[in-house]
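Overview (structure and organization)
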Amino acid sequence: MAHINISSPHRVSKYGVDTDSLNRVGVSVLRQALKESDLIVIDEIGKMELLLPQFREAVTQAISSGKKVLGTIMLNPHPFADEIKRHPQVETLLVTRDNRTEVMRKVLNWLTEGVN
């Protein structure tokens, strides 16, 4: 979906972004997960993915769906990424070498909430 040899008006660093492939694969998989899954995993919400309005819309739908959404998001400031981080349904966890075990425990507890 991104490569140094892709000729595209959309670039992230030195990489050209194939937005058609990203839309065809990434957005369609998110929409399918919204219909069929109880847990939606998004890896990742970064500069490349945020180029697509369809991707941003699918992420917003996932977060607002009431389903569990586990994702990674860019740390650097970005208007849409920052909006997601402020969303009332979102809890952000910064993972470091020092806290990764604690974060893993927290995520596992969240994933198993309500599971008998």
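The structure under discussion appears in the preceding block.
So, a few notes on the structure that sits alongside this text. (Residues numbered from 1 in each chain as written. Predicted model: local features only at pLDDT ≥ 70, side-chain atom pairs only at ≥ 80, totals over all residues. Heavy atoms only, no water.)

1. Notes on the packing of aromatic side chains
A complete count under the given rule lists 0 aromatic pairs for this structure. Above the face of the Trp110 ring, Lys68 is positioned so that its terminal group lies 5.0 Å from the ring centre. (Phe/Tyr/Trp six-rings, centres within 6.5 Å; stacked < 30°, edge-to-face > 60°. Lys NZ or Arg CZ within 6 Å of the ring centre and 35° of its normal.)

2. Some details on the packing of helix 1 (residues 19–36) against helix 2 (residues 53–64)
Running from N to C, helix 1 and helix 2 point in directions that differ by 15 degrees, and their axes come no closer than 10 Å. Considering the angle they form, helix 1 stands roughly parallel to helix 2. Crossing handedness for the pair helix 1 and helix 2: left-handed. When helix 1 is examined against helix 2, the residues Asn23, Val27, Leu30, Arg31 and Leu34 are found in contact with a partner set consisting of Gln54, Phe55, Glu57, Ala58, Val59, Gln61 and Ala62. Across the contact of helix 1 with helix 2, the residue classes tally to 7 nonpolar, 3 polar and 2 charged. (Axes fitted to C-alpha atoms, helices over the stretch in contact; angles between N-to-C directions. Helix = DSSP H or I, 4+ residues; strand = E, 2+ residues; numbered from the N terminus. Parallel < 35°, antiparallel > 145°, perpendicular 65-115°, else oblique. Left-handed = near helix turned anticlockwise from the far one by under 90°. Contact = heavy atoms within 4.5 Å. Nonpolar A, V, L, I, M, F, W, Y, C, P; charged D, E, K, R; others polar.)

3. A few points about the side chain of Glu49
Its place among the elements puts Glu49 in the loop between strand 4 (39–45) and helix 2. Arg56 is the oppositely charged side chain nearest to the buried, salt-bridge-free Glu49, at an N-O distance of 10 Å. Within the local environment of Glu49, its side chain forms a polar contact with the backbone nitrogen of Gly46, the two atoms lying 3.0 Å apart. Sequence-distant contacts of Glu49, defined by excluding residues within four places in its chain, comprise Leu22, Glu44 and Phe55. (Buried < 20%, exposed > 50% of the residue type's maximum accessible area, 1.4 Å probe, protein only. Lys, Arg positive; Asp, Glu negative; His and termini not counted. Salt bridge = Lys/Arg side-chain N within 4 Å of Asp/Glu carboxyl O. Polar contact = N/O pair within 3.5 Å; in protein donor to acceptor, adjacent residues only side chain to side chain.)

4. Observations regarding the layout of surface pockets
In this structure, the largest pocket spans a volume of roughly 820 Å³. Along the wall of the largest pocket there are 27 residues; nearest its centre are Val69, Gly71, Val90, Glu91 and Thr92. Within the residue set of the lining of the largest pocket, elements represented by two or more residues are strand 4, strand 5 (68–73), helix 3 (79–86) and helix 4 (100–112). A per-element tally of the lining of the largest pocket places strand 5 first, with 6 residues. A class-by-class count of the residues in the lining of the largest pocket yields 16 nonpolar, 5 polar and 6 charged. (1 Å grid on protein atoms, 1.4 Å probe; cavity = no way out; pocket = protein on both sides within 12 Å on 5 of 7 lines; lining within 4 Å. Points joined across faces, edges and corners; volume = space filled by probe spheres on them.)

Taken by themselves, the reported measurements are silent on function.
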